[in-house]
Structure formats: structure tokens, C-alpha cells
Amino acid sequence: GDSVTQMEGPVTLSEEAFLTINCTYTATGYPSLFWYVQYPGEGLQLLLKATKADDKGSNKGFEATYRKETTSFHLEKGSVQVSDSAVYFCALGDSGAGSYQLTFGKGTKLSVIP
Amino acid sequence: EAQVTQNPRYLITVTGKKLTVTCSQNMNHEYMSWYRQDPGLGLRQIYYSMNVEVTDKGDVPEGYKVSRKEKRNFPLILESPSPNQTSLYFCASSFTENYGYTFGSGTRLTVV
């Protein structure tokens, strides 16, 4: 079945540092890929998405490129802020076999210190 | 404002007492889904629905029921809750499979 593997946290960075959170996937079809962010005490918010190979999703300074050859969708940001502290989830959406399911990675907690 | 509304936000109940968590969306979305979030396990899908009167099991459906009588509502029913159903529950909806889900704020359920 489909699965998503993302780097385990927690990740602690200083403000203005470069961020990479790795995400790889396995899927039988041609999935869409997503990054969600969860701030403390809140639900998940869609951060960015890519629906086909080589697409780049971007939002709020974050970006990720859909790499079919390496089955990866790594999240990057050039300069993190304290307000980026949250849990980040990589997810795969597969509409094969007439159904639609979203499969999540286990999440990576990011803490940014001043 | 486009949103997914879940109620209640917090619920403490006793083993065996039937409960319903409501979920409503105002975006005319076709797809709706329930997830539970547990430490170390991430988010796991309980049930999903692709349209009115069409529901299907996700990865962890045991002990739960759902219904989709109207497009906007997708309640989660626990007929006989047990302590292992203590969790944080999220309802979500989506327009299409490539659109990405919009999540509710969550319901923290404790079963004692």
C-alpha cells in the first residue's frame, strides 16, 4: 500500500537557519503530494502541494519539488523564523481504484530558537 | 468564512456511553474524512466519504460508525467507546483528490 516516510524529529534550528525536512513516498499510482503544518493546539493547515512530477509547490517561503525519480518531496525554507515552530506533515493523496485517501507521515516537530 | 466545524472541542466520557462528534463544512466539498491523531502514530484515517450516502473504511474503522445523509455533514459515532479510543480527532473535507483537505480544529476525546 501507499506510505510516506519523513525524517524524525525533533528538529531545533536557530532563527534564519536553512531548513530541510526530508520526505519520501511509495505509491502504486500517480499521487498528489502535500505538506501540512500543525501549530500547537490547532488543526492541520495545507502549506503547499504538487500534483505531478517536477511540480514545485511554494507558500510562505517554503517550497518542495515533486521528484518522481527519487520518490521524494522534501520541504525547504531558506531562513526560518520563530513563528515557523510547528509540526510538519508530509502527505500523499492517491485516487486510484476510484477512492481517495490521504496518507500521512508521522510528522516532524520543528522548534526555532531566537 | 470557508471552514470545517467540529463539535465538541473537548469531551470526557465513560466507557460504553454512546457519543457523536459532529462535523460540518460550508464549502460544498464532495470528499469528507475522519482521522485520529495519536503520539508516535501520526494521523490515521478512520472513515471517508466521496459523496452523499457513499462511505468507506479507512485504516482504523473498528469501533466507529459514520453517515453521510447530507453533503455538508459527516458525523462520527462511537456506539460503545473504550479507553483505547482516547485520542485527538480531526474531520476534513476536500473538493477533489488534488485539492488537499481542509481540516477542522479537532476534538480531544477522553474515555475513562
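Just above sits the structure.
None of these values were measured; they are calculated from a predicted model. (Residues numbered from 1 in each chain as written. Chains lettered and ligands numbered in written order. Predicted model: local features only at pLDDT ≥ 70, side-chain atom pairs only at ≥ 80, totals over all residues. Heavy atoms only, no water.)

Caption draft 1: The interface of chain B and chain A, seen in detail. Opposite the 25 residues of chain B that make contact, chain A presents 20 residues. Run the count over chain B and chain A and you get zero salt bridges. Broken down by secondary-structure element, the contributors of at least two residues to the side of chain B that touches chain A are β4 (31-38), β5 (42-51) and β9 (87-94) of chain B. Taken together, the residues that form the side of chain B that touches chain A break down as 11 nonpolar, 10 polar and four charged. (Contact = heavy atoms within 4.5 Å. Salt bridge = Lys/Arg side-chain N within 4 Å of Asp/Glu carboxyl O. Helix = DSSP H or I, 4+ residues; strand = E, 2+ residues; numbered from the N terminus. Nonpolar A, V, L, I, M, F, W, Y, C, P; charged D, E, K, R; others polar.)

Caption draft 2: Focus on the pattern of salt bridges. Counted under the stated rule, the structure contains eight salt bridges over all chains. Here Asp84 of chain A makes a salt bridge to Lys77 of chain A, at a shortest N to O gap of 2.7 Å. Summarising the burial analysis for this pair, Asp84 of chain A and Lys77 of chain A share the class buried. The network of salt bridges with common partners includes Lys18, Lys65 and Glu79 of chain B. (Buried < 20%, exposed > 50% of the residue type's maximum accessible area, 1.4 Å probe, protein only.)

Caption draft 3: How the structure looks around the side chain of Arg36 of chain B. Residues and elements named next belong to chain B. As for its position among the elements, Arg36 is in strand β4. Given the relative accessible area of 8%, Arg36 is considered buried. Looking at Arg36, its side chain comes within polar contact range of the side chain of Asp38, at 2.8 Å. Look past the residues within four positions of Arg36 in its chain and what remains in contact with it is Gly42, Leu43, Arg44, Ile46, Val60, Tyr64, Asn84, Gln85, Thr86, Ser87, Leu88 and Tyr89. (Polar contact = N/O pair within 3.5 Å; in protein donor to acceptor, adjacent residues only side chain to side chain.)

Caption draft 4: Seen up close, the state of the cysteines. Scanning all chains against the criterion turns up two disulfides over all chains. The disulfide bridge from Cys23 of chain A ends at Cys90 of chain A, spanning 1.9 Å between sulfur atoms. On the S-S bond that ties Cys23 of chain A to Cys90 of chain A, the torsion sits near -70°, and the link is left-handed. With Cys23 of chain A in strand β4 (residues 23-26) and Cys90 of chain A in strand β10 (residues 86-94), this residue pair connects regions lying 67 residues apart in the sequence. What makes Cys90 of chain A buried here is its relative accessible area of 1%. Across the disulfide, Cys23 of chain B is cross-linked to Cys91 of chain B (sulfur-sulfur distance 1.9 Å). Given an S-S torsion of about -70°, the disulfide between Cys23 of chain B and Cys91 of chain B has left-handed geometry. Of this pair, Cys23 of chain B sits in strand β3 (residues 19-25) while Cys91 of chain B sits in strand β9, and the two are 68 residues apart along the sequence. The exposure class assigned to Cys91 of chain B is buried, which follows from its relative accessible area of 0%. (Disulfide = S-S within 2.5 Å.)

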